[in-house]
Amino acid sequence: MADPPGYPRELERDVVLRDGTEVQVRPIRPEDAPRLVAAYDKLSAHSAYQRFFSAMRRLPPNWARFLATVDYRRRLALIAERPSGEEMELLGVARYEASHDDAPEVALVILDAWQNRGLGTALFQALLEAAEARGIRKFRAWVLADNMRMLDLIQRHGDVVERRRDGAVFELIFAPRTAISGRPAPAPASA
Ligand SMILES: CC(C)(COP(=O)(O)OP(=O)(O)OC[C@H]1O[C@@H](n2cnc3c(N)ncnc32)[C@H](O)[C@@H]1OP(=O)(O)O)[C@@H](O)C(=O)NCCC(=O)NCCS
């Protein structure tokens, strides 16, 4: 299968979850669109609402096509998957989308059966590192005020620099503390 234009193969990696399960992380491809629709069908209404803030019966195929077709720079999505029989099972997606300013919008969703196993954290970290390599220094996230897991995830990986509340939704602007930017500066070379 030919790579789509700009496909960053260097972002493909294997991740071992806390319980030892191995999953594969890779940038999304346009042909993943039907799998996004199928994964949405498996999401609980609660998780779907936390991600999309609306109660859609199905993820519209044209929206799935848009979500699966990214330029890998201004718009990037990483998926986690693992073999299941003959197929690969999609377990979660982390993405950022260009917005009107220099703070792209970040969003995550993990299938319910895979939540609370460290996968959201792993995908979020991988996304933040990829973003840093692309010069992105801050993000925006819209998070329901009662979504403690997502708020906790953001606070553990970033410094929230702005926070606005609009009804039940927080709009957060945060600067990620990624592995690369968090690394201590190299010691000066000795004379
Ligand atoms: C939010 C979400 C992406 C997190 O992914 P996940 O794989 O479940 O998260 P992880 O297992 O990596 O980590 C969750 C962390 O939240 C913490 N947490 C869990 N429940 C919590 C709660 N009620 N309050 C505070 N923290 C909580 C856990 O301690 C865990 O931290 P740990 O890794 O130190 O144990 C996932 O649950 C999800 O897809 N939810 C539905 C969609 C959604 O909310 N998307 C966000 C929209 S931007």
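Everything numeric in this text was worked out from a predicted model, so none of it was measured. (Residues numbered from 1 in each chain as written. Predicted model: local features only at pLDDT ≥ 70, side-chain atom pairs only at ≥ 80, totals over all residues. Heavy atoms only, no water.)

### Digging into the side chain of Thr-21
Now for step 1: Here Thr-21 shows up in the loop between strand E1 (13-16) and strand E2 (22-27).
Now for step 2: Here the side chain of Thr-21 touches Asp-19 through a polar contact of 2.7 Å, side chain to side chain.
Now for step 3: What Thr-21 contacts, discounting residues up to four positions off in sequence, is Val-15, Val-16, Arg-82, Trp-114 and Arg-117. (Helix = DSSP H or I, 4+ residues; strand = E, 2+ residues; numbered from the N terminus. Polar contact = N/O pair within 3.5 Å; in protein donor to acceptor, adjacent residues only side chain to side chain. Contact = heavy atoms within 4.5 Å.)

### Structural notes on the pattern of salt bridges
Now for step 1: One pass over the full model with this rule turns up 22 salt bridges.
Now for step 2: Residue Arg-29 is joined to Asp-3 by a salt bridge in which the shortest nitrogen-to-oxygen separation is 2.8 Å. Pair noted here: Arg-29 is in the loop between E2 and helix H1 (33-42) and Asp-3 is in the segment before E1, with a separation of 26 residues, a long-range link.
Now for step 3: Taking relative accessible area as the criterion, Arg-29 reaches 6% and is therefore assigned buried.
Now for step 4: Two residues, Arg-156 and Asp-152, come together in a salt bridge whose shortest N-O distance is 3.1 Å. Remark: Asp-152 and Arg-156 occur in helix H5 (residues 148-157); sequence separation between them is 4 residues, near one turn of the helix.
Now for step 5: Given the relative accessible area of 48%, Arg-156 is considered partly exposed.
Now for step 6: Classification of Asp-152 as partly exposed rests on a relative accessible area of 36%.
Now for step 7: Members of the salt-bridge network, linked through shared partners, are Asp-3, Arg-9, Glu-12, Arg-29 and Glu-31. (Salt bridge = Lys/Arg side-chain N within 4 Å of Asp/Glu carboxyl O. Buried < 20%, exposed > 50% of the residue type's maximum accessible area, 1.4 Å probe, protein only.)

### Re the site of the ligand
Now for step 1: Around the ligand lies a shell of 20 residues, among which Leu-108, Ile-110, Gly-120, Thr-121 and Asn-147 are the nearest.
Now for step 2: At 2.8 Å, a backbone N or O of Leu-108 approaches a nitrogen atom of the ligand.
Now for step 3: Here an oxygen atom of the ligand and a side-chain polar atom of Thr-121 are 2.5 Å apart.
Now for step 4: Isolated, the ligand exposes 950 Å² of accessible area, and the fraction of that covered by the protein chains is 77%.
Now for step 5: Elements represented by at least two residues in the shell around the ligand include exactly helix H2 (45-52), strand E5 (105-110), helix H4 (119-133) and H5.
Now for step 6: With 5 residues, H5 is the largest single contributor of residues to the shell around the ligand.
Now for step 7: Residue composition of the shell around the ligand, by class: 7 nonpolar, 8 polar and 5 charged. (Near = heavy atom within 4 Å. Areas by Shrake-Rupley, 256 points an atom, 1.4 Å probe, with all protein chains shown as cover. Nonpolar A, V, L, I, M, F, W, Y, C, P; charged D, E, K, R; others polar.)

### Examining H4
Since there are 3.6 residues in each turn of an α-helix, residues three or four apart along the chain are aligned in direction.
Now for step 1: In a regular helix each residue adds 1.5 Å, so 15 residues correspond to 21 Å; H4 covers 21 Å between its end C-alpha atoms and thus fits that length.
Now for step 2: Counting buried positions along H4 yields 11 of 15 residues, so the element is predominantly enclosed.
Now for step 3: Along H4, the positions that sit buried rather than exposed are Leu-119, Gly-120, Ala-122, Leu-123, Phe-124, Ala-126, Leu-127, Leu-128, Ala-130, Ala-131 and Glu-132.
Now for step 4: Count one or two residues on from H4 and you reach Gly-135, which has phi positive near 80°. (Expected span 1.5 Å × (residues − 1).)

### Describing the nonpolar core
Now for step 1: Ranked by internal contacts, the top residues of the largest apolar core, which has 59 residues, are Leu-36 and Phe-124.
Now for step 2: Among the elements that line this core, the one with the most residues is H4, at 9 residues.
Now for step 3: Once residues within four sequence positions are removed from consideration, Leu-36 is found in contact with Ile-28, Leu-59, Ala-64, Leu-67, Ala-68, Leu-90 and Val-93. (Core = buried A, V, L, I, M, F, W, Y, C linked by side-chain atoms within 4.5 Å.)

### Re the side chain of Glu-171
Now for step 1: Relative to the assigned elements, Glu-171 resides in strand E8 (residues 169-176).
Now for step 2: In this structure Glu-171 comes out as buried when scored by relative accessible area, which is 15%.
Now for step 3: A distance of 2.7 Å separates the side chain of Glu-171 from the side chain of Arg-140, its partner in a polar contact.
Now for step 4: Sequence-distant contacts of Glu-171, that is, excluding residues within four places in its chain, are made with Arg-140, Ala-141, Trp-142, Glu-162, Arg-163 and Arg-164.

### As for the confidence of the model for the protein
Interpretation of this model should avoid reading the predicted coordinates in detail wherever pLDDT is low.
Now for step 1: Per-chain confidence: the protein averages 93 in pLDDT, with 93% of residues scoring 70 or above.
Now for step 2: Of the regions scoring below 50 in pLDDT, residues 182-191 engages in 0 contacts with residues more than four places distant in sequence or in other chains. (pLDDT = per-residue confidence, 0-100.)

### A few points about helix H3 (residues 61-68)
Now for step 1: Buried residues of H3: Ala-64, Leu-67 and Ala-68, and no others. An end-on view of H3 places all buried positions within 90° of arc, on one side of the element. (Arc of directions from axis to C-beta.)

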